[in-house]
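Report on the structure
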Amino acid sequence: MKKISSLLFFVFILNASYAQMQPQAEEVRFSGIVFDSGTTRPLANVNCRRGGMLTTTDLTGRFAMNTAAGDTIYFTHIGYRPYEVVVPDSCKILGAFAFWECSNLAEVEFGANSELLIVDDFCFSECYALQQIRLPDSVYLIGEAAFSYMPLHQFVFPEQIVFIGDQLFWGTPVTELTFHAWSLPQYIGSEYFSIDDDDAEYRITLPFDADADRYLGNAEYVMQKKNVTILFCEDTDMPEDE
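Since the model is a prediction, treat every value here as computed from it, not as a measurement.

1. Digging into the sheet that holds strand 10 (residues 118-119)
Across the sheet, five strands lie side by side as 8-10-11-13-15; this open sheet has parallel pairing. With one partner strand each, in any of the chains shown, strand 8 (93-94) and strand 15 (187-188) form the two edges of the open sheet. Both strand 10 and strand 11 (residues 141-142) contribute to a ladder of two bridges, which runs parallel. Looking across to strand 11, one finds that Ile118 is bridged to Leu141.

2. Observations concerning the side chain of Lys225
Note on placement: Lys225 falls in the loop between helix 2 (219-223) and strand 17 (228-232). Only 3.3 Å separates the side chain of Lys225 from the backbone oxygen of Ile195, close enough to count as a polar contact.

3. Digging into the nonpolar core
Ranked by internal contacts, the top residues of the largest apolar core, which has 48 residues, are Phe124, Phe147 and Phe157. Ranked by size, the runner-up nonpolar core spans eight residues in total, among them Val34, Val46, Ile73 and Phe75.

4. A look at the environment of Phe124
Here Phe124 lies in the loop between strand 10 and strand 11. Between the alpha carbons of Phe124 and Ala98 there is a distance of 7.1 Å; along the sequence they are 26 residues apart. If we skip the residues at most four places from it in the chain, Phe124 touches Leu94, Phe99, Leu105, Val108, Val119, Leu130, Ile133, Ala146, Phe147, Ser148 and Met150.

5. Thoughts on the packing of aromatic side chains
Going through the model one piece at a time under the given rule, you end up with 16 aromatic pairs. Aromatic side chains Phe63 and Phe75 sit 5.4 Å apart centroid to centroid with 70 degrees between the ring planes, which places their arrangement in the edge-to-face category. Of this pair, Phe63 sits in strand 5 (residues 62-68) while Phe75 is found in strand 6 (residues 74-76), placing the two residues twelve residues apart along the sequence. Neither residue differs from the other here; Phe63 and Phe75 are each classed as buried. Looking at Arg214, its charged tip hangs above the ring of Tyr215, at a distance of 5.9 Å from the centre.

6. Side note on the pattern of salt bridges
With the rule as written, the count across this model stands at two salt bridges. Linking Lys92 and Glu115 is a salt bridge whose minimum nitrogen-to-oxygen distance equals 2.7 Å. Separated by 23 residues along the polypeptide, Lys92 in the loop between strand 7 (83-87) and strand 8 and Glu115 in the loop between strand 9 (105-110) and strand 10 bring together distant segments of the chain. One salt bridge in this structure joins Asp198 and Lys225, with 3.4 Å as the shortest N-O distance. Placement of Asp198 in the loop between strand 15 and strand 16 (202-206) and of Lys225 in the loop between helix 2 and strand 17 is noted, with a sequence separation of 27 residues between them. Of the residues examined, Asp198 reaches a relative accessible area of 56% and is grouped as exposed.

Criteria and thresholds
Residues numbered from 1 in each chain as written. Predicted model: local features only at pLDDT ≥ 70, side-chain atom pairs only at ≥ 80, totals over all residues. Heavy atoms only, no water. Pairing = 2+ DSSP bridges. Helix = DSSP H or I, 4+ residues; strand = E, 2+ residues; numbered from the N terminus. Polar contact = N/O pair within 3.5 Å; in protein donor to acceptor, adjacent residues only side chain to side chain. Core = buried A, V, L, I, M, F, W, Y, C linked by side-chain atoms within 4.5 Å. Buried < 20%, exposed > 50% of the residue type's maximum accessible area, 1.4 Å probe, protein only. Contact = heavy atoms within 4.5 Å. Phe/Tyr/Trp six-rings, centres within 6.5 Å; stacked < 30°, edge-to-face > 60°. Lys NZ or Arg CZ within 6 Å of the ring centre and 35° of its normal. Salt bridge = Lys/Arg side-chain N within 4 Å of Asp/Glu carboxyl O.

The following block contains the structure:
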């Protein structure tokens, strides 16, 4: 049986050339070599992802791709232990498909001072090892199917949430959803979650003055299901004005 080793990348910058045609459109040619941390052997076929752009390392472990200044590149490889991704506090957008099909991704950590605002469409879709995630309260937009086909069972919406994408948890067995007491999402996507599993116990906590139909679709139907518990937050949680 092939031994599974931990994955640690040593990326050596070979070339970083800047194209300064416009100050707001600075481009960087980012390149390097990816090694196995245990054997120091170059790794072929490592996924190097920037948003929806994907390239792979060649037989010598080398890669090269165009990036914009400040971008984050994500490296994944099948057959290695799950690893943790620490998102920098300065990161404001996790782009569409950023972690799509990162099947070994087991944990994502956000700093206490995270400035993250957007988790775009299909961002974590098909991350089969990611069983929990807590977004910073600064996030106001979560795109379509961002957490589809994952093993998530619990999810807390960020306090500042404004936009919840369609089919957010499509194919994901979420049974516990929590909204902050004073959250006021302006758009709640269609079929953003499902209560179709009659063997599961669902628990949904809504803002204290929530219009249940907006959050639940057919609220009357949902509330009469014996395996669904609907709770409303207390209105005493509203932050005081300074």
